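The residues making up each chain are set out below.
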Amino acid sequence: MAEASDLQRPSPEKQAILDLAARYVCPGRVNAFKLLGTQPVMGEREGHYFCDLDGRQLFDVHINGGTFSLGHRNPEIVAALREAVDFYDVGNHHFVSEPRARLAETLARLTPGDLHYTVFAASGSEASDIAIKTARRATGRRKILSIVGSYLGHTGLCLAAGDVKNARYFLSDGPEAEFAQVPFNDLDAMRRALSRRDVAAVILETIPATLGFPMPEAGYLAGVKSLCEEFDSLYVADEVQTGLGRTGRMWAVDGYGVEPDILVTGKGLSGGMYPISAAVLSARVSDWLSENGWGHISTFGGSEIGCHVALKVMEILERPGVLENVGAMSEVLGEGLHELQRRYPFLVDVRRNGLVMGLKFDHKLGGPMMTVACYEAGIWAFFAGFDQSVLQFKPGILIDRRDCDELLSRLEKAIRICVARNGPASRGA
Ligand SMILES: Cc1ncc(COP(=O)(O)O)c(C=O)c1O
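Residues numbered from 1 in each chain as written. Predicted model: local features only at pLDDT ≥ 70, side-chain atom pairs only at ≥ 80, totals over all residues. Heavy atoms only, no water.

Take Ala310: it is sitting in helix H11 (residues 304–318). We classify Ala310 as buried; its relative accessible area is 0%. Every residue in contact with Ala310, bar those within four places of it in the chain, is listed here: Leu103, Leu269 and Ile276. (Helix = DSSP H or I, 4+ residues; strand = E, 2+ residues; numbered from the N terminus. Buried < 20%, exposed > 50% of the residue type's maximum accessible area, 1.4 Å probe, protein only. Contact = heavy atoms within 4.5 Å.)

Shown next, in the form of structure tokens:
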């Protein structure tokens, strides 16, 4: 792994904040970034960029998993937030609320199939937990199936449902009769697991982010959905990273011909400004919402300010040209990335669906190596936790051609830095 260069030695001001965080927030994380060789602390931020406190300007292609999909501090979102705080507060979660009802109506209109009711939460993890609880209630089964290497969140149920490594750490894995995983893109394994007829739901990231965005093979997701129908299990689409226009469609599942029974969204729904997430449920799995008005309660879930902001996010996504831009810019970046791949064999694979992208490098730690090199070249990109040969590469969806050129030129600089620094190691040794 690369040594931190002088460029990355924190200024005294930044060091003071790092020390404070190490003392009071999460020493392990501060130390991990130090060992990685780059320790960003966000300062000013606008559009596709943020500045490290040291002043380095970074093109953000991590965007916190899609949270800043419309850019940092998008002026329209900031205005919506200002408007909201002039009238609303978080609201009372027991009451009916106008922005909550309007946002739920919008989500019902814009989600596929018969998705209808929305249960709001404040984070993707909570929304995933709601999806799991709903699936269990609707089917009377407890078992939840996911894929090896999935990340569905860090609260109770979804932590247990995702990749076991994270769950085991907090003794929150299993029991096996309730949570199981099968390999991605393996329909036979999925059939074997579902055929026991004890699975409440399969919960799937449409393109698994933490696994480095491996693309679903042709027919895989539709195949999973029809297996779910065959064995009376539900299909839950985790669209926390892939939804809200990032693939050029409103939801990534739309491009794979899948109509899920439950869809989970979060991150970008906030406009990057006010936490909100949602589980959108089809009417046929939602009996509990009629039976029990207090079946799920969350003080901050569906806060009125968050709903007002999210309505603006949805309004922007519905504008003519916005989703089309994703497809067009994906092509521009795709062309540039393939040219880089031709010139630099270190870049071995470009995974791309719209602006959901993963760059695979010819080294098992190619992702972290490139995170460091990208920082030096003026990009903030983060590696995939469960496949560290991959760098997640996901620019905001409002980028234009000039942004693409700028990004590609910075990326080329990063690859050169990485290859020069790591020598044969970055060529697959
Ligand atoms: C695919 C996916 N699902 C769920 C979550 C959990 O969202 P949150 O961190 O808002 O709880 C994440 C977070 O990174 C995610 O990437």
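A grouping of Leu20, Tyr24 and Val25 is seen on the molecular surface, where their side chains present a nonpolar patch of about 380 Å² in accessible area. On the secondary structure map, Leu20 appears in helix H1 (residues 12–24). (Patch = residues over 30% accessible without salt bridge, like charges linked within 9 Å, V, L, I, M, F, W, Y side chains within 5 Å. Areas by Shrake-Rupley, 256 points an atom, 1.4 Å probe, with all protein chains shown as cover. Salt bridge = Lys/Arg side-chain N within 4 Å of Asp/Glu carboxyl O.)

What the four strands build is an open sheet, ordered E1-E2-E3-E13; its pairing is mixed. The two strands at the open ends of the sheet, each matched to only one other strand, are strand E1 (42–46) and strand E13 (379–380). Bridging between strand E2 (residues 49–52) and strand E3 (residues 57–60) involves three bridges; their strand directions are antiparallel. Looking across to E3, one finds that Cys51 is bridged to Gln57. In this fold helix H14 (residues 401–422) packs onto E2, E3 and E13, with an angle of close to 110 degrees to the strand it touches most, E3. (Pairing = 2+ DSSP bridges. Axes fitted to C-alpha atoms, helices over the stretch in contact; angles between N-to-C directions.)

A few words on the nonpolar core. Counting 88 residues, the largest nonpolar core has Met314, Met370, Leu411 and Ile415 as the members making the most contacts within it. The leading source of residues in this core is H14, at nine residues. Residues contacting Met314, with those up to four places away along its chain left out, are Leu103, Thr106, Leu107, Leu110, Leu244, Met250, Trp251 and Leu269. Among the nonpolar cores identified, the runner-up in size contains 25 residues, and Ile130, Cys158, Ile203 and Val240 belong to it. (Core = buried A, V, L, I, M, F, W, Y, C linked by side-chain atoms within 4.5 Å.)

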